Amino acid sequence: MSSRIDGDKSGQVPSGVRRFFRGPRPESVPTLVGTAVTVVGLLDVAAGVFPRFRHSRIHALTEVLPGSLGPFAAALSISAGVLLLLLAHGLKRRKRRAWRAAVVLLPAGAVAQFTYRHSVIGVVIAALLLALLVRHHGEFKALPDPRSRWKALANFVLMSAGSIGLGLVIVNSHPGRVVGHPGIYEQITHVVYGLFGFEGPVDYAGRVSWTVGYSLGALGLLTALTTIYLALRPEHPAARLTVDDEGKLRELLAKHGGRDSLGHFALRRDKAVVFSPSGKAAVTYRVISGVMLASGDPIGDVEAWPGAIERFMAEAKAHSWTPAVVGCSETGGEVWTRETGLDALELGDEAIVDVKDFSLTGRPMRNVRQMVKRIERNGYTTKVRRVADLTEEELEQVRGAAEAWRGTDTERGFSMALGRVGDPDDGDCIIATAHRTEEGDTSPFGDLKAIQHFVPWGKDGMSLELMRRDRAADPGMNELLIVASLEAAPALAIEHVSLNFAMFRSALARGERIGAGPVLRAWRSLLVFLSRWFQIESLYKFNAKFRPRWEPRFMVYRTTRDLPRIGFAVMQAEGFVTLALPRLFAGRRGPRPERACAHAHLSTAVPAQAKAEQREVRAA
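A brief structural summary. Here the structure is a predicted model, which means the values were calculated and not measured.

Observations regarding the overall build of the protein
Line of reasoning, step 1. Scanning the protein from N- to C-terminus turns up 21 helices and twelve strands.
Line of reasoning, step 2. Considering only contacts in the protein between residues 6 or more positions apart, those separated by 24 or more positions represent 76%.
Line of reasoning, step 3. With an accessible surface of roughly 30800 Å², the protein has 59% of that area assigned to carbon and sulfur atoms.

Focus: the side chain of His435
Line of reasoning, step 1. By the element assignment, His435 lies in strand E8 (residues 430-435).
Line of reasoning, step 2. Taking the relative accessible area as the measure of exposure, His435 reaches 8% and is therefore buried.
Line of reasoning, step 3. Here Asp447 takes part through its side chain, which lies 3.3 Å from a polar atom of the side chain of His435.
Line of reasoning, step 4. When near neighbours in sequence (up to four residues on either side) are disregarded, His435 contacts Gly379, Tyr380, Thr381, Lys383, Asp447, Leu448 and Lys449.

Some thoughts on the environment of Ala218
Line of reasoning, step 1. Relative to the assigned elements, Ala218 resides in helix H10 (residues 208-232).
Line of reasoning, step 2. Separated by 142 residues in the primary sequence, Ala218 and Leu76 place their C-alpha atoms 7.5 Å from one another.
Line of reasoning, step 3. The residues touching Ala218, leaving out its near neighbours within four places in the chain, are Ala75 and Ser79.

What to know about the pattern of salt bridges
Line of reasoning, step 1. For the structure shown, the criterion picks out 23 salt bridges.
Line of reasoning, step 2. The partner of Arg553 in a salt bridge is Asp260, and the shortest N-O contact between them spans 2.8 Å. Taken as a pair, Arg553 in strand E12 (residues 549-557) and Asp260 in the loop between helix H11 (243-256) and strand E1 (272-275) lie far apart in primary sequence, 293 residues in all.
Line of reasoning, step 3. Classification of Arg553 by relative accessible area gives buried; the value is 4%.

Structural notes on helix H20 (residues 563-574)
Line of reasoning, step 1. Helix length check: H20, at twelve residues, gives a terminal C-alpha distance of 16 Å against a target of 16 Å (1.5 Å per residue), a fit within 8%.
Line of reasoning, step 2. Those residues of H20 that sit buried are Ile566, Ala569, Val570, Gln572, Ala573 and Glu574.
Line of reasoning, step 3. Taken together, the buried residues of H20 touch strand E2 (281-288), strand E3 (291-295), strand E5 (322-328) and E12.

Some thoughts on the nonpolar core
Line of reasoning, step 1. Core analysis: the biggest nonpolar cluster contains 51 residues, and Leu249, Leu293, Val398, Ile431, Leu448, Ile451 and Ile566 have the highest contact counts within it.
Line of reasoning, step 2. Dropping the residues within four chain positions of it, Leu293 is found in contact with Thr284, Tyr285, Arg286, Ala324, Val326, Phe414, Ala569, Val570 and Ala573.
Line of reasoning, step 3. Val355, Ile430, Leu464 and Ala473 belong to the second largest nonpolar core, which has 35 residues in total.

Description of the packing of aromatic side chains
Line of reasoning, step 1. Per the stated rule, a full pass over the model turns up five aromatic pairs.
Line of reasoning, step 2. Their ring planes at 80 degrees and their centres at 5.7 Å tell us that Trp405 and Phe445 sit as a pair that is edge-to-face. Here Phe445 lies in the loop between E8 and strand E9 (448-456) and Trp405 lies in the loop between helix H15 (392-404) and E8, a separation of 40 residues in the sequence. Per residue, the accessibility class of Trp405 equals that of Phe445, and both read buried.
Line of reasoning, step 3. Considering the side-chain rings of Phe542 and Phe546, the 5.9 Å spacing of their centres and the 75 degrees angle between planes classify their relative orientation as edge-to-face.
Line of reasoning, step 4. Of the residues examined, Phe542 reaches a relative accessible area of 4% and is grouped as buried.
Line of reasoning, step 5. Overall, Phe546 belongs to the buried group, its relative accessible area being 1%.

A short note on the pairing of strand E10 (residues 461-469)
Regular strands place side chains that alternate from one sheet face to the opposite one.
Line of reasoning, step 1. Of all nine residues in E10, nine are buried, a share of seventy percent or more.
Line of reasoning, step 2. Inspection of the sheet shows E9 paired to E10 by seven bridges, in the antiparallel sense. Counted as the bridge partner of Pro456 is Met462 from E10.
Line of reasoning, step 3. Connecting E9 to the next strand, E10, in antiparallel fashion are four residues, including Gly458 with a positive phi near 70 degrees.
Line of reasoning, step 4. Summarising the sheet, E10 and strand E11 (residues 496-503) pair through three bridges and their orientation is parallel. Bridging across to E11, Gly461 finds its partner in His496.
Line of reasoning, step 5. For the crossover that starts at E10, traverses helix H16 (residues 477-488) and ends in the parallel E11, the hand is right-handed.

Cut-offs and rules
- Residues numbered from 1 in each chain as written.
- Predicted model: local features only at pLDDT ≥ 70, side-chain atom pairs only at ≥ 80, totals over all residues.
- Heavy atoms only, no water.
- Helix = DSSP H or I, 4+ residues; strand = E, 2+ residues; numbered from the N terminus.
- Contact = heavy atoms within 4.5 Å.
- Areas by Shrake-Rupley, 256 points an atom, 1.4 Å probe, with all protein chains shown as cover.
- Buried < 20%, exposed > 50% of the residue type's maximum accessible area, 1.4 Å probe, protein only.
- Polar contact = N/O pair within 3.5 Å; in protein donor to acceptor, adjacent residues only side chain to side chain.
- Salt bridge = Lys/Arg side-chain N within 4 Å of Asp/Glu carboxyl O.
- Expected span 1.5 Å × (residues − 1).
- Core = buried A, V, L, I, M, F, W, Y, C linked by side-chain atoms within 4.5 Å.
- Phe/Tyr/Trp six-rings, centres within 6.5 Å; stacked < 30°, edge-to-face > 60°.
- Pairing = 2+ DSSP bridges.
- Right-handed = clockwise from strand over helix to strand, strands pointing away.

Now the structure itself:
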């Protein structure tokens, strides 16, 4: 028993005992401090708002807060609480500026507390927290996130809404001192007046009116100061792909682009890039809501991937971003997990058609064959050409049609979308178009009825990037152009074509087989149910029409608790969730004829005419 307590014969103390006496581990300090600041902030606000809270059983805990007696002390308590709540998340993310603000606020709060309440306990606790922050200052080195002036407006809106809500609580926290029976309109008016420092229509007995007035004025002042600070601070714009970076990426793609069908999407100009020390590999990414989101596999020589991945992880650590990768291949997932210790989750499968194996003959292709022949009989023709072979007039027509036929207000796609059509630097991309001449047609795009855009996949492949169609065109435009592109592929020296990405395809396929277990069937039933909104099953069946081979794609993440945050960031990146302020005159762009996304890859929405096409196929 003695040896178990005292350690080994060398006199060393067991690691668990050493950790206990040394205090919290350094890596846990930001989380500990952030959590403590959140609790203290909430208690601080409660102490300033609710008069009886200060006399409750947890009165001893509230002494850690800056003063809680008197009108001025109540306002100071609320102000400190709100500021601490605003800082808590930044401290958890190891942000340097949050650390600096906390180091200033803690002694200031302690001095205020001692001045107004003569509380030694609050000073001691503030000193302990300050000592913890100073001792572990090396843990708070994260650089700022990308930001713009829009954050000032967002802060003003959110702080104003929060201040009005908290103000209503303050106004109603003294029911026994209210003079008369003011209604909700008078209460809201009182809050708004109070935020600007004026007396409102609600009156109180005694000094309560001073307490409420000071508290509301403090909230208004905080809203103004934080908004002014965000508006005047230097911007840290989101990184963009520079001309030099794009040139280097194109060189890597020219040598190694055939390895990954998503490689060309690294040339999106709203992405940033980190290169390996040798310059032979790179990882492109975008930062969204604190998530450093890479897409596809690293670009370049596989042997140089670890160097690029190491730079990626170092950048994520420097800014305290959550690292994640979406849409990487099985090989890419293995390298990411091996080099970083991250985990991988299968997202779905990419549909790839080998041109030499594709044919419209045979019973499995009967539905597609009949649909294509019917459309051709209706007078539609197709053209499949490289962008460099189109005239400038044709390119302008294609760009205009692609914009006008987009099914959503925001452009969708990130990991498997290029985000542009007909750029002069993308002359090796391929555009398939469908045409039909109609009498009396007043369309600004002439006889153009549908568009598909493919990006290069090495020297002998291409990846479908987007699909757009005129809603007035016959159903089946997508099948028509895919078939036309596959048939024209040999003349363009194309041997394999990457089509749509099907989320959870393997679960859908296995769940409908004979002998599938109850868990798998239940999972498939849930996916089918969700397909009413996201059309997961429809997209899988649309892909399966062309008899492709399936290549799995994965998401790489750090911990399971990061998945909701990463998932939300992915939805933002892909355009399914938009946090931007609404455009005031969005209606001037004209009506959006179809809501479904036209992007071919990670979008989980089949074009809007898919159901009509399926009905026609069944009828045929």
